[in-house]
Structure formats: structure tokens, C-alpha cells
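Structural characterization, general
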Amino acid sequence: MILSRRAPKRFPQGVPIGTAPHDTVLNKAAIRWSLSKITQVAETSVAWTYKVQRDDNSHAALRIYKPGTVDPERAGNLLEWYRGDGAIRHFGTAENAVLTEWAEGRMLSEPALDGKDAQATSAIANLVGMLHVSRPDEPDNLVPLREYLSDFFAADVRIWPDTARDLYARSVGIAYATLDKPAAEIPLHGAVHHDRIVLAERGWIARSPVGLWGDPAYDLAASFLHPWGKVELAADPVRINAMADAFATKLGHKRKRILAFAAIYAANSACQALAAGESINWHLAVLPNLLAVYDLA
């Protein structure tokens, strides 16, 4: 069974400059970076994405973030710090816009859904390992993980369905217990998962970072909830255990802590969906099994 979610709007024919509600930012970005052949390719709740051509005739991706979502300066600074090592290359940031390399290879969700989930898990472990390599001059405007989860901690349990409120309560308890234990803190992408990893000429790369600061095990959490909507995969306790084992072996993080952050991420994602008036059927299909595997870890 596949559960649906609101899909990004896509614009294969493009949208002319000046017709979108953010046309001022778009026009400024086009002038600043000498962009042409601007074609809108997607819109999500977070941003508008355009395929553009630079003055050297190479293609690039222009992402204009919607107010109150991701801080483009933070995302741009983190991408600049990665220098293309496991992440999409950053070309520039201005106002609400971020310009990056254009990568149109297949998403990591494709092999995961095509019987190669173990290979996809290994690719995530390798990619996160590259993102977490120690580099000088760490970005200084990243959001501490506990601060990022503040809305999750403050959520009203009554917004959850009656039969699922214990899932929220348990996840919050795990979050407090996990974050109260001292751990190394590093720059985090914040949302590494199959649907944000694309194949480039140099291999799999992550795009669209959140820009957090905290426990490195958190960067593995989102992948447990993806590929999105495939219940037979993400809600399978065998698969959850296999992913936790693979990540722990490859990256050296404690298995229990990896699973804790997976449950925290899923519950926080559910809170965000409820606040936006969206369904959490998908979260309710996966979160109970994440908690069950965590309990046995």
C-alpha cells in the first residue's frame, strides 16, 4: 500500500518572470547572477525552484524560499562549507534566493523502491559520513537542535488523534532523555533522506539543507521515514533494524541513539503536518514500529 502526500506543484512549461508572487526577488536574482532561460520546475510548501542558465551557458538551480520557512543564508552558508563534498555545490545566496548547481539525476528513492534498499541505506551512510567530515571555519548561524525542536516540545497533544497521543508523549520523553545526554555537536544538514538525495556525476549528493547544530546521529533520522508512502518498506521492523545496524556499523553511532532520533524526527514531522492541517496517516504507520524497535534496542 502506498500512502499519498501533497506532491510538489511542477511546471514543465515554465512560468514567465513577473507573474509569480515573488517576482521581485526573482528579477533581482536574475540580474545579480546574470541568469537567463528561467523556467519554474517545482513549488513546495518551502520554496519555488527554477532551472536557469548562467552566463557561461551552464545550468543551475535557483531556489527562492517562502517567508517563515528555511533561512536561505543559513542554507547557503552550510552548502558553502560542504564545498560540494556530499552536497550540491553552492554558487551564491542573496535575500531569499539560493543558487546551486543543477542536478537532474535520479533520486535515491528510486533504487530503494526498486529492490535495492540495502544499497540505498549504504549510500546514505557514505554520504552522511562525507557531510560530517571535519572542516575549518564552521558556519556560525546554525540552529541548535534543541531550539529547532522547541515547537515539538511545546505542541498541544490534543491536536493528535485520541488513539495516537501516547505516541507523541513517548516521543517527547525520548527526546528529552536523548538530548539531556552529552554528545558531540557538529553542523547538520537536518533532512538527509531518499527524496533529497540526487545522483550527480560525482555520486550521490544531498540538497536543500535545513542548517542545524547538534548530535551527528540526527542526520540519519529522516531516512527512516522515507521513501515517503511505501508502508511495506518504511514500517517494516526488519528494515528499521537493518538500517540502524548499517548506520551504527558504518558511522560508529550508538544504535539506540540512532533509533531515538528516528522516532523524534517522525513525531516532530507529524506535529508539523498537524499544524498545517495535513494528514498524519503516514507517520502513524511508521512511528509505532520505530518506537517498538527502539524499546528493544
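Residues numbered from 1 in each chain as written. Predicted model: local features only at pLDDT ≥ 70, side-chain atom pairs only at ≥ 80, totals over all residues. Heavy atoms only, no water.

1. A short note on the packing of aromatic side chains
The way to describe two aromatic rings as a pair is by their centre distance and the angle between their planes. We apply this condition: Note on ring pairs: Phe, Tyr and Trp rings are taken, using the six-membered ring of Trp, and paired if centres are within 6.5 Å. Classes follow the plane angle, with under 30 degrees stacked, over 60 edge-to-face and the rest tilted. For each residue, the accessible area found with a 1.4 Å probe, counting protein chains only, is set against the maximum for its type, and the residue is called buried under 20%, exposed over 50%, and partly exposed in between.
Per the counting criterion, the structure on display carries 9 aromatic pairs. Residues Phe152 and Phe153 carry aromatic rings whose centres are separated by 5.7 Å and whose planes lie at 45° to one another, so their mutual orientation is tilted. As far as burial versus exposure is concerned, Phe152 and Phe153 are alike and both buried. Relative to Phe247, the ring of Phe224 lies with its centre 5.9 Å away and its plane at 75°, an arrangement referred to as edge-to-face.

2. Some remarks on the pairing of strand β8 (residues 197-200)
Formally: Paired strands, as defined in this entry, are two strands with at least two bridges between them according to DSSP. In DSSP terms, a helix is any run of H or I states spanning at least four residues, a strand is any run of E spanning at least two, and both are numbered starting from the N terminus.
As paired strands, β8 and strand β9 (residues 203-206) are joined by 4 bridges and run antiparallel to one another. Note on β9: the bridge partner recorded for Val198 is Ile205. Taking the residues that link successive antiparallel strands as the turn, the β8-β9 hairpin has 2 residues.

3. Quick word on the sheet that holds strand β4 (residues 90-94)
Basically, it comes down to this: Axes, fitted as lines to C-alpha atoms, cover a helix only where it is in contact. Angles between the N-to-C directions of the axes lie from 0 to 180 degrees. Whether two residues are in contact is decided by their heavy atoms, any of which lying within 4.5 Å being enough.
Pairing in this open sheet of 5 strands is antiparallel, and the strands run β1-β2-β3-β5-β4 from one edge to the other. Each edge of the open sheet is held by one strand with a lone partner, namely β1 (36-43) and β4. The mean angle between the axes of side-by-side strands here comes to 20°, regardless of whether they run parallel or antiparallel. Packed onto the sheet, helix α1 (residues 23-32) meets β1, β2 (47-53), β3 (59-65), β4 and β5 (97-101) and runs at close to 145° relative to β3. Against the sheet, helix α2 (residues 72-82) engages β3, β4 and β5, with an angle of about 160° to β4.

4. Here we look at the packing of helix α7 (residues 165-179) against helix α11 (residues 281-296)
So the rule is basically this: Angle categories are assigned with fixed cut-offs, so that under 35 degrees is roughly parallel, over 145 is roughly antiparallel, 65 to 115 is roughly perpendicular, and the rest are oblique. By the definition used in this description, the sense in which the near helix is turned from the far one sets the handedness, with an anticlockwise turn below a right angle giving left-handed and a clockwise turn giving right-handed. Polarity classes work like this: nonpolar for Ala, Val, Leu, Ile, Met, Phe, Trp, Tyr, Cys and Pro, charged for Asp, Glu, Lys and Arg, and polar for all others, with Gly in that last group.
Where α7 meets α11, the closest approach of the two axes is 11 Å, and the angle between their N-to-C directions is 45°. The angle between the axes of α7 and α11 places the two elements in the oblique class. The two elements α7 and α11 cross, and the hand of that crossing is left-handed. Residues Leu167, Arg170, Ser171 and Ile174 of α7 touch α11, and the partners they reach there are Leu284, Leu287, Pro288, Leu291, Tyr294 and Asp295. Among the residues making up the contact of α7 with α11, the classes are represented as 7 nonpolar, 1 polar and 2 charged.

5. What about the sheet that holds strand β10 (residues 212-214)?
Strand order in the open sheet formed by 3 strands is β6-β10-β7, and the pairing between neighbours is mixed. For this open sheet the edge positions go to β6 (143-144) and β7 (186-188), each flanked by a neighbour on one side alone. Here β6 runs beside β10; their pairing, made up of 2 bridges, is parallel. Bridge pairing in β10 places Pro144 opposite Trp213.

6. Comments concerning the environment of Gly211
For Gly211, the location among the structural elements is in the loop between β9 and β10. Judged by its relative accessible area of 0%, Gly211 falls in the buried class. C-alpha separation for the pair Gly211 and Asn77, spaced 134 residues apart in sequence, amounts to 8.5 Å. If sequence neighbours within four positions are ignored, Gly211 has contacts with Arg74, Leu78, Leu142, Val143, Leu188 and His189.

7. Quick word on the pattern of salt bridges
Basically, it comes down to this: We count a salt bridge whenever a side-chain nitrogen from Lys or Arg sits within 4 Å of a carboxyl oxygen from Asp or Glu.
Counted according to the given criterion, the structure contains 14 salt bridges. For Glu95, the salt bridge goes to Lys28, with nearest N and O atoms at 3.4 Å. You can see Glu95 sitting in the loop between β4 and β5 and its partner Lys28 sitting in helix α1, a full 67 residues away along the chain. On the basis of relative accessibility, which here comes to 47%, the residue Glu95 falls in the partly exposed class. For Lys28, a relative accessible area of 45% gives the class partly exposed. A salt bridge links Asp215 to Arg257; its shortest N-O distance comes to 2.4 Å. A residue pair is termed long-range when its members are at least 10 positions apart, and Asp215 in the loop between β10 and α8 (231-234) and Arg257 in helix α10 (residues 255-275) qualify at 42 residues. Since its relative accessible area comes to 7%, Asp215 is described here as buried. Residue classification places Arg257 among the buried positions, given a relative accessible area of 16%.

8. Some details on unusual backbone geometry
With an omega of -5°, the peptide bond between His226 and Pro227 qualifies as cis. One non-glycine residue, Ser34, adopts positive backbone phi at about 55°. Taking relative accessible area as the criterion, Ser34 reaches 38% and is therefore assigned partly exposed.

9. A closer look at α7
Note the threshold: In this scheme, a helix's expected span is set at 1.5 Å multiplied by one less than its residue total.
An ideal rise of 1.5 Å per residue puts 21 Å on 15 residues; α7 measures up with 21 Å between its terminal C-alpha atoms. Structurally, α7 contributes buried residues whose contacts are with α5 (145-148), α6 (150-154), α10 and α11.

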